[in-house]
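Chain and residue survey
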Amino acid sequence: MAKMMTKSQVAAHIAGKFELTKKQGTLILEELATLAGKEAKKNGFVFPGVGKLVVVNRKARMGRNPQTGEPIKIPAKRVLKFRIAKAMKEMALKAK
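The sections below set out a description of the structure shown in this document. Bear in mind the structure is a predicted one, so any value in this text is a computation, not a measurement.

**Describing the pattern of salt bridges**
Under the defined criterion, the tally for this structure stands at two salt bridges. In this structure, the salt-bridge partner of Glu-30 is Lys-7, at a minimum N-O distance of 2.9 Å. Pair noted here: Glu-30 is in helix H2 (residues 22–43) and Lys-7 is in helix H1 (residues 7–17), with a separation of 23 residues, a long-range link. Residue classification places Glu-30 among the partly exposed positions, given a relative accessible area of 35%. Taking the relative accessible area as the measure of exposure, Lys-7 reaches 46% and is therefore partly exposed. Among the ionic pairs, Glu-39 bridges to Lys-42, the shortest N-O distance being 3.4 Å. Taken as a pair, Glu-39 and Lys-42 lie in helix H2 at a separation of three residues, close to a single helical turn. Its relative accessible area of 25% is what places Glu-39 among the partly exposed residues.

This is the structure:
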């Protein structure tokens, strides 16, 4: 099984594709990540053609301690979810 690309490999690919330096490719990735984090906090962030980041409020619920089986109360919290775009899902899962 092949390994996932590292941040530096992604930056190098972007730099090669658009005739930039590796440092510029890295800065683009970092700025995109920063922008996504800031915008997702407010009202979500869309990566066109890839998917979107959304903040979801989870309700409080009852759970179980897996070691003892004792019921425990899990508090409500806000979580960040990534919802993949349909086109990306189809492209990634398409048979070779």
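**Overview of the sheet that holds strand E1 (residues 45–47)**
Strand order in the open sheet formed by three strands is E1-E2-E5, and the pairing between neighbours is antiparallel. At either margin of the open sheet sits one strand with a lone partner, and together these are E1 and strand E5 (77–84). Taken pair by pair, the neighbouring strands of this sheet meet at an average axis angle of 30°, ignoring direction. Here strand E2 (residues 51–58) runs beside E5; their pairing, made up of eight bridges, is antiparallel. Looking at E5, one finds that Val-56 is bridged to Val-79. In the packing of H2 onto the sheet, the strands contacted are E1, E2 and E5, and the crossing angle to E1 comes to about 135°.

Calculation notes
Residues numbered from 1 in each chain as written. Predicted model: local features only at pLDDT ≥ 70, side-chain atom pairs only at ≥ 80, totals over all residues. Heavy atoms only, no water. Salt bridge = Lys/Arg side-chain N within 4 Å of Asp/Glu carboxyl O. Helix = DSSP H or I, 4+ residues; strand = E, 2+ residues; numbered from the N terminus. Buried < 20%, exposed > 50% of the residue type's maximum accessible area, 1.4 Å probe, protein only. Pairing = 2+ DSSP bridges. Axes fitted to C-alpha atoms, helices over the stretch in contact; angles between N-to-C directions. Contact = heavy atoms within 4.5 Å.

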